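Listed below are the residues making up each chain.
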Amino acid sequence: MATIHRTTLEPGKLELLAKWLPEQEWFRPGGGELVRAGGFRLDDPAGEVGIELMVVTDGRDAYLVPMAYRGAPLEGAPAGALIGVSEHGVLGTRWFYDGAQDPVVREELARMLRGEAVPQMQGESDAVDGSVAVAPVAGEVVPVVRRVLEPAGEPVAGQVVAGYTAPDGSALRAVFVADGRS
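Remember, predicted model here, so these are calculated numbers, not experimental data.

Q: Hey, could you run me through the overall build of the protein in this one?
A: Assigned secondary structure in the protein consists of two helices and ten strands. Ordered by position in the sequence, the α and β elements of the protein form the string β-α-β-β-β-β-β-α-β-β-β-β. By the compact-globule yardstick of 16 Å for 182 residues, the protein fits well, its C-alpha radius of gyration being 15 Å. Overall, the C-alpha framework of the protein stretches about 40 × 40 × 30 Å when taken along its three principal axes. Looking at the protein as a whole, 49% of its 182 residues are labelled buried. Expressed as a percentage of contacts within the protein between residues at least 6 apart in sequence, the contacts between residues at least 24 apart total 58%. Looking at the protein as shown, the accessible area adds up to about 8600 Å², and 52% of this sits on carbon and sulfur atoms. Taking the average location of the 16 positive side-chain charges in the protein and that of its 26 negative ones, the two points are 2 Å from each other.

Q: Help me understand helix H1 (residues 13-20) in this model?
A: Residues three or four positions apart in an α-helix share a direction because the helix packs 3.6 residues into each turn. Every buried residue belonging to H1 is among Lys13, Leu16, Leu17 and Trp20, and all of these are buried. End-on view of H1: buried residues confined to an arc of 95°, all on one side of the axis.

Q: I tried to follow helix H2 (residues 103-113) on my own but got confused; where do I start?
A: Of the positions making up H2, those classed as buried are Val105, Glu108, Leu109, Ala110, Met112 and Leu113. The opening residue of H2 is Asp102, an N-cap whose side-chain oxygen sits 2.9 Å from the backbone nitrogen of Val104.

Q: Please explain the side chain of Gln159 as it appears in this structure.
A: In this structure, Gln159 sits in strand S9 (residues 159-165). When residues no more than four places from it in sequence are discounted, the contact partners of Gln159 are Leu113, Ala133, Val134, Ala135, Arg146, Val175, Val177 and Ala178.

Q: Could you clarify how one ought to interpret the pattern of salt bridges in this entry?
A: Once the charged atoms of two side chains with opposite charge are near each other, the side chains can pair. Enumeration according to the criterion identifies twelve salt bridges in this entry. Asp61 is the partner of Arg28 in a salt bridge, and the nearest nitrogen-oxygen pair spans 3.1 Å. Of this pair, Arg28 sits in the loop between H1 and strand S2 (35-42) while Asp61 sits in the loop between strand S3 (50-57) and strand S4 (62-70), and the two are 33 residues apart along the sequence. A residue is classified by how much of its surface remains accessible, and Asp61, at 9% relative accessible area, is buried.

Q: Looking at this model, I keep getting lost on the nonpolar core. Mind explaining?
A: What tends to happen in soluble globular proteins is that the nonpolar side chains get buried as a cluster. Membership of the largest hydrophobic core comes to 32 residues, with the highest contact counts inside it found for Phe40 and Phe176. Counting residues per element, the ones that place at least two in this core are S2, S3, S4, H2, S9 and strand S10 (171-179). Among the elements that take part in this core, H2 stands out by supplying five residues, more than any other. Counting 16 residues, the second largest nonpolar core, distinct from the first, contains Trp26, Met54, Val56 and Tyr69.

Q: Can you help me understand the environment of Gly169 in this one?
A: Among the structural elements, Gly169 can be located in the loop between S9 and S10. For Gly169, a relative accessible area of 52% corresponds to the exposed category. Along the sequence, Gly169 and Ala133 sit 36 residues apart, while their C-alpha atoms lie 21 Å from each other.

Q: Would you mind going over the side chain of Gln120 with me for this structure?
A: Within the fold, Gln120 resides in the loop between H2 and strand S7 (133-135). Residue classification places Gln120 among the buried residues on the basis of a relative accessible area of 4%.

Q: Is there a simple way to explain the pairing of S2 in this structure?
A: A regular strand carries its side chains on alternate faces of the sheet. Among the eight residues that make up S2, six are buried, leaving the element largely enclosed by the rest of the structure. Pairing of S2 with S3, which is carried by seven bridges, proceeds in the antiparallel orientation. By the bridge assignment for S3, Arg36 is matched with Val56.

The rules behind these values
- By convention here, each chain's residues receive numbers from 1 onward along its written sequence.
- Owing to the predicted nature of the model, reporting of local features is limited to residues with pLDDT of at least 70; listing and counting of side-chain atom pairs is limited to 80 or more, with chain, interface and lining totals taken over all residues.
- Here the side-chain values reflect all heavy atoms present in the structure, with hydrogen atoms and water set aside.
- Secondary structure elements follow DSSP: runs of H or I no shorter than four residues count as helices, runs of E no shorter than two count as strands, and numbering proceeds from the N terminus.
- Here the radius of gyration uses the C-alpha set of atoms, whereas the globule reference equals 2.2 Å times the residue count to the power 0.38.
- Between buried and exposed lies partly exposed: a residue is buried under 20% and exposed over 50% of the maximum accessible area for its type, with that area taken using a 1.4 Å probe on protein chains only.
- Here, residues are in contact when the closest pair of their heavy atoms is within 4.5 Å.
- For the area figures, the Shrake-Rupley method with a 1.4 Å probe applies, and any residue is considered shielded solely by the protein chains shown.
- In this tally Asp and Glu are treated as negative and Lys and Arg as positive; neither His nor the chain ends contributes.
- By convention, the charge on Lys lies at NZ, on Arg at CZ, on Asp at CG and on Glu at CD.
- Note: the arc covers the axis-to-C-beta directions of the helix.
- We call two N or O atoms a polar contact when they sit within 3.5 Å, provided that within protein one can donate a hydrogen and the other can accept it, with sequence-adjacent residues counted only if both atoms are side-chain atoms.
- Any carboxyl oxygen of Asp or Glu within 4 Å of a side-chain nitrogen of Lys or Arg constitutes a salt bridge here.
- Here, nonpolar core refers to any group of buried Ala, Val, Leu, Ile, Met, Phe, Trp, Tyr and Cys residues whose side-chain atoms link them within 4.5 Å.
- A pair of strands is considered paired only if DSSP assigns at least 2 bridges between the two.

See below:
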């Protein structure tokens, strides 16, 4: 299980995302300042990569950004995958990558869609996030991240549904990840 450190991070995640998000083709410009609005974590079985599915809002839209936190640069990372580099008060320099382009994150998303990986609370160590609903499927899956969140009900087979706080302050749920085969 991942350990959550109560320490500093310079620059912070929202600062990194404020520079990276506007460069993404799925980003809708014109919103305001980014605010953390929900998410959860997954554990890397090898214990090397931090994995967080973070929801941020900009006053108008809600975005899901899965992130990989690494202790060294990701070899062969695609162009645009690096969100930024930050200094962690306990772990030292961390390279933050778009999890949708990180092989460890993609594997854990696939494992979650098969019901093999357990979502963890975003801000607590060793705590299962029971609010995340997974409707698992068997076999090979192709995880697809829903970048711009739209309210949804309960998951159907091959979907992960979780909660977030909408820009207007209401509590909503949306499909975060789905099996791209369906």
